[in-house]
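Each chain, written out:
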Amino acid sequence: MSLTATAGGRPVRLVAVSAGLSTPSSTRLLADRLAEAVHGELGPRGYEVESRVVELRELAVAIANQLVTGFPPPPLAAAIDAMTGADGLIAVTPVFSASYSGLFKSFFDLIDPGALTGRPVLVAATGGTARHSLVLEHALRPLFAYLRAVVVPTGVYAASEDWGTGGGEYAEGLPTRIRRAGGELAALMAARPAEPEPGDEISALERHLSDLRFD
């Protein structure tokens, strides 16, 4: 997968949002693995990757406060600023009632609809059974389409049985899906203009998305 860009070598900012509720959690583990995959694609090509993980469980009270008062406490404001200022976003949620978690939804309810316009996003989810894998298509992609983000072609769903498996002859394992999704996000981050003009960013990323679909 090509990572050529007009601004090779510039610093790029990656933010991973994890909505896991336990410590440790498979949701945070998946977020970390996906971030590592992005680093693995961009780092060797001379990009300086600045990354941050936003743990929503640590901001749960602050999120509730903003929903009630309309004013974000400083830690929440800093997390939102980091996410909306990133070149790429990884969003990972556990599955509750066949959809994203309430904490995940509450956090993204606080984001202005235009704040993620044109931003490359990798969506992922964790759950106890593979039966809920369609949450990526039925819940997460529509959410980020509403926020006008650019979602990479490969979403990653990790069921309990996926951890520790490498796949088989006819099925891709979790590590393969992580590598592909990380590569797609890295390609879009590298293609994103350093200072995009209105409209330029989305059109450039749409061209790269078209290329990714036929790799």
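Note that the structure is a prediction, hence the values are computed from the model and not measured. (Residues numbered from 1 in each chain as written. Predicted model: local features only at pLDDT ≥ 70, side-chain atom pairs only at ≥ 80, totals over all residues. Heavy atoms only, no water.)

1. Digging into the packing of aromatic side chains
Scanning the entire structure with this criterion turns up four aromatic pairs. The interplanar angle of 80 degrees and the centroid separation of 5.1 Å between the aromatic rings of Phe-108 and Phe-144 together place this pair among those described as edge-to-face. Within this pair, whereas Phe-108 is found in helix H4 (residues 102-109), its partner Phe-144 is found in helix H5 (residues 135-146), the two being separated by 36 residues in sequence. Side by side, Phe-108 and Phe-144 carry an identical accessibility label, which is buried. Aromatic ring contacts, followed pair by pair, group Tyr-100, Phe-104, Phe-107, Phe-108 and Phe-144 into a single cluster. (Phe/Tyr/Trp six-rings, centres within 6.5 Å; stacked < 30°, edge-to-face > 60°. Helix = DSSP H or I, 4+ residues; strand = E, 2+ residues; numbered from the N terminus. Buried < 20%, exposed > 50% of the residue type's maximum accessible area, 1.4 Å probe, protein only.)

2. Here we look at the environment of Ala-139
When you line up the elements, Ala-139 lands in helix H5. On the basis of relative accessibility, which here comes to 10%, the residue Ala-139 falls in the buried class. When the C-alpha positions of Ala-139 and Tyr-100 are compared, they lie 7.0 Å apart, and in sequence the two are 39 residues distant.

3. What to know about unusual backbone geometry
Residue Thr-23 is joined to Pro-24 through a cis peptide bond whose omega torsion reads -5 degrees. Within the secondary structure, Pro-24 is located in the loop between strand E1 (12-18) and helix H1 (26-42). Here the phi dihedral of Ser-97 falls at roughly 50 degrees; this positive angle occurs in a residue that is not glycine. Residue placement: Ser-97 occurs in the loop between strand E3 (88-96) and strand E4 (99-100). Unlike most non-glycine residues, Ala-98 shows phi in positive territory, near 65 degrees. Following the sequence through the fold, Ala-98 ends up in the loop between E3 and E4. Given the relative accessible area of 47%, Ala-98 is considered partly exposed.

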